[in-house]
Number of protein chains: 2
Amino acid sequence: MESPSQPKTSTLADDVFDQLRIAIVTGEIAPGSKVNEPQLSKQYGISRGPLREAIRRLEGCKLVELKANVGAKVVSLNREQAIEIYEVREVLEGLSCRLAAAKASTEDCTRLRELLTQHEQQIQSDNGRRYFQKEGDLDFHYLIVQLSGNKRLFSMLCGELYHLLRLYRVQTSSEPSRPVRAFKEHHHIVDAIEQGDGELAELLMKRHIANARQMLLTTLSGDADAADMAQEASSDRSAMG
Amino acid sequence: MESPSQPKTSTLADDVFDQLRIAIVTGEIAPGSKVNEPQLSKQYGISRGPLREAIRRLEGCKLVELKANVGAKVVSLNREQAIEIYEVREVLEGLSCRLAAAKASTEDCTRLRELLTQHEQQIQSDNGRRYFQKEGDLDFHYLIVQLSGNKRLFSMLCGELYHLLRLYRVQTSSEPSRPVRAFKEHHHIVDAIEQGDGELAELLMKRHIANARQMLLTTLSGDADAADMAQEASSDRSAMG
DNA sequence: AATCAATTTATTGTTGACAATATAGGTATT
DNA sequence: AATACCTATATTGTCAACAATAAATTGATT
């Protein structure tokens with residue numbers, strides 16, 4: 001136990017912002033649903049003031065959309081918008097890898113390997129479901145952008161795009177068919193980073209994400225045959241990068 | 001004259017957000033300075049409620065930084081942070097060009113040319129100062145990302161990075177030495193877009209911005225000789241892209 | 001029965017007051 | 001004189017009430 005009254009460093013708006021963000025990206029608050037201020041303020045036991053501030057910050061993450069005199073509603077991403085995100089993500093994470101390859105130490109690469117190994121074990125112990133359901137694959141991408149050392153890049157990916165990706169995954173209940181291929185690609189990326197080959201690391205990551213985007217274009221188009229074909233064509237690559 | 005009382009579609013927080021953003025990126029509110037709520041609320045004639053909401057939205061644009069129980073302060077970018085922005089901008093605008101090349105119509109390219117011509121005339125009539133002082137060069141980049149059709153990309157560049165660039169320019173009172181070279185590069189980029197050569201357009205834009213970043217590394221390092229050398233090496237390229 | 005208008009209800013926008021925290025200033029002590 | 005502590009001031013955080021707008025309901029008319 002700690003001392004009972006430590007001076008709190010966070011504000012109510014901060015706390016409810018975190019809680020709301022989690023509630024949104026986990027689907028607890030349905031995509032497209034309206035954000036009702038009186039209801040939420042009662043639910044979280046705070047007044048509307050800090051709640052509204054939290055909502056304004058959620059708007060900054062692009063998780064809700066505001067309209068004057070109408071209120072906020074949780075974003076709902078269609079496939080087109082998801083593809084736009086993947087296009088942006090491809091170049092940003094390519095940059096991540098290029099920078100990471102130039103800066104990563106031996107210990108950093110060890111951490112990357114450990115992360116992949118750990119994920120592989122989780123996969124084997126749960127038939128490949130838990131890893132992606134629990135967003136474990138994002139950990140890998142998350143660590144790389146950290147290693148890049150570019151804080152602006154980190155902010156854009158981890159402060160915005162990854163949350164939107166999680167939202168889209170829960171929204172579409174999408175799960176990759178076979179993560180095995182994704183693991184291989186991940187290891188190849190670490191290989192390149194380990195060798196300090198930024199160009200190759202960038203290329204591999206961009207290809208990795210481009211493959212995932214390609215799956216989006218077909219798998220979720222409602223055309224089952226096209227989806228199967230794309231899956232074959234991409235050699236069982238992960239659907240979500 | 002219009003009818004005196006049209007139903008207003010914007011809220012106080014929206015208006016003061018726009019005004020504050022302009023005040024920040026023009027340097028009217030100094031970088032690094034503290035944001036005083038009582039003062040600003042009096043200055044803009046509103047209460048602290050909507051003002052605080054506007055500040056939270058400014059935080060979303062990364063124009064202010066918030067600390068609990070202390071308040072907001074306007075961001076102040078150092079060279080390292082500016083370089084990070086340029087690294088991100090390089091790949092994002094490269095993507096802009098690649099996509100724009102695939103989608104731009106003949107009319108779109110005409111608009112790009114007109115914009116460049118217009119800017120060139122402004123330069124000649126004002127010794128090259130007004131164009132960059134008034135951020136006219138960003139118009140060019142702005143239009144290209146619009147043509148890309150990727151709204152997420154547009155949001156990231158025009159909703160965040162460009163504002164930060166303006167802030168950095170006013171903060172460092174930086175002006176490119178000779179925009180002539182930048183114009184040539186701009187025209188070459190339009191050439192590639194016009195020919196539908198996305199790869200080339202991407203390459204040229206990335207190089208264009210990489211050159212500007214390189215100027216940053218040297219011109220503002222306090223080492224005048226290094227700055228001059230870099231300027232020669234980059235063949236009088238614009239300093240700010 | 002359907003459509004439009006008026007009324008009611010609910011939600012958002014805004015305000016001023018109060019509480020909690022941090023900052024500034026002053027006093028005493030070493 | 002410098003530091004630590006206490007006090008006073010200012011600023012931020014939070015709340016509840018009021019105003020303005022939008023949404024829902026009711027009723028009248030065709």
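Residues numbered from 1 in each chain as written. Chains lettered and ligands numbered in written order. Predicted model: local features only at pLDDT ≥ 70, side-chain atom pairs only at ≥ 80, totals over all residues. Heavy atoms only, no water.

Q: Can you lay out helix 9 (residues 180–194) of chain A for me, pointing to particular residues and giving the numbers?
A: In an α-helix, one turn spans 3.6 residues, which is why side chains three or four residues apart end up on the same side. All names here are of chain A. Helix length check: helix 9 (15 residues) gives 21 Å between terminal C-alpha atoms against 21 Å at 1.5 Å per residue, within 8%. All buried positions along helix 9 are accounted for by A182, F183, E185, H186, H187, I189, V190, A192 and I193. Directly beyond the C-terminal end of helix 9, a positive phi value near 70 degrees is found at G196. (Helix = DSSP H or I, 4+ residues; strand = E, 2+ residues; numbered from the N terminus. Expected span 1.5 Å × (residues − 1). Buried < 20%, exposed > 50% of the residue type's maximum accessible area, 1.4 Å probe, protein only.)

Q: Just give me the short version of the protein's contact with DNA strand C, but keep the residues and values in it.
A: Around DNA strand C, 21 residues are found, and the nearest of them are K34, R48 and R52 of chain A together with T11 and L12 of chain B. For DNA strand C, the backbone portion of the atoms within 4 Å of the protein, that is sugar and phosphate, comes to 71%. R52 of chain A places a side-chain nitrogen or oxygen 2.8 Å from a phosphate oxygen of DNA strand C. Contact distances for DNA strand C include 2.9 Å between a phosphate oxygen and a side-chain N or O atom of S47 of chain B. It is helix 3 (residues 48–60) of chain A that provides the largest number of residues to the surface near DNA strand C, a total of 3 residues. (Near = heavy atom within 4 Å. Polar contact = N/O pair within 3.5 Å; in protein donor to acceptor, adjacent residues only side chain to side chain.)

Q: So what about the side chain of H163 of chain B? Which residues, and what values?
A: Residue and element names in this part refer to chain B. Locating H163 in the fold gives a position in helix 8 (residues 151–172). For H163, a relative accessible area of 12% gives the class buried. Among the polar contacts listed, one links the side chain of H163 to the backbone oxygen of C158, at a separation of 3.1 Å.

Q: Please provide a residue-by-residue account of the relation of the copies chain A and chain B, values included.
A: Between chain A and chain B, the superposition needs a rotation of 180 degrees and an axial shift of 0.0 Å, giving an RMSD of 0.0 Å. Interpreted geometrically, this transformation is the action of a two-fold axis. Across chain A, the smallest distance between a C-alpha and the rotation axis is recorded for G60 of chain A, namely 2.1 Å. By residue overlap, the copies meet face to face through one surface: 100% of the interface positions of chain A are interface positions in chain B. (Least-squares fit on C-alpha atoms with pLDDT ≥ 70 in both. Contact = heavy atoms within 4.5 Å.)

Q: Could you give an account of the domain arrangement of chain A, naming the residues involved and the relevant values?
A: Residues and elements named next belong to chain A. Domain annotation of chain A identifies domain 1 (12–74) and domain 2 (79–215). Measuring from the centre of the C-alpha atoms in domain 1 to the corresponding centre in domain 2 gives 28 Å. Contact residues are listed per partner, giving 10 residues for domain 1 and 8 residues for domain 2. For the pair domain 1 and domain 2, the summed buried area comes to about 800 Å², and 65% of that belongs to carbon and sulfur atoms. Linking domain 1 with domain 2 are 1 salt bridge, by the criterion used here. Residue K62 pairs with E160 through a salt bridge whose shortest N-O separation is 3.7 Å. (Domains from an automatic or database assignment. Buried area = accessible area lost by both parts, 1.4 Å probe. Salt bridge = Lys/Arg side-chain N within 4 Å of Asp/Glu carboxyl O.)

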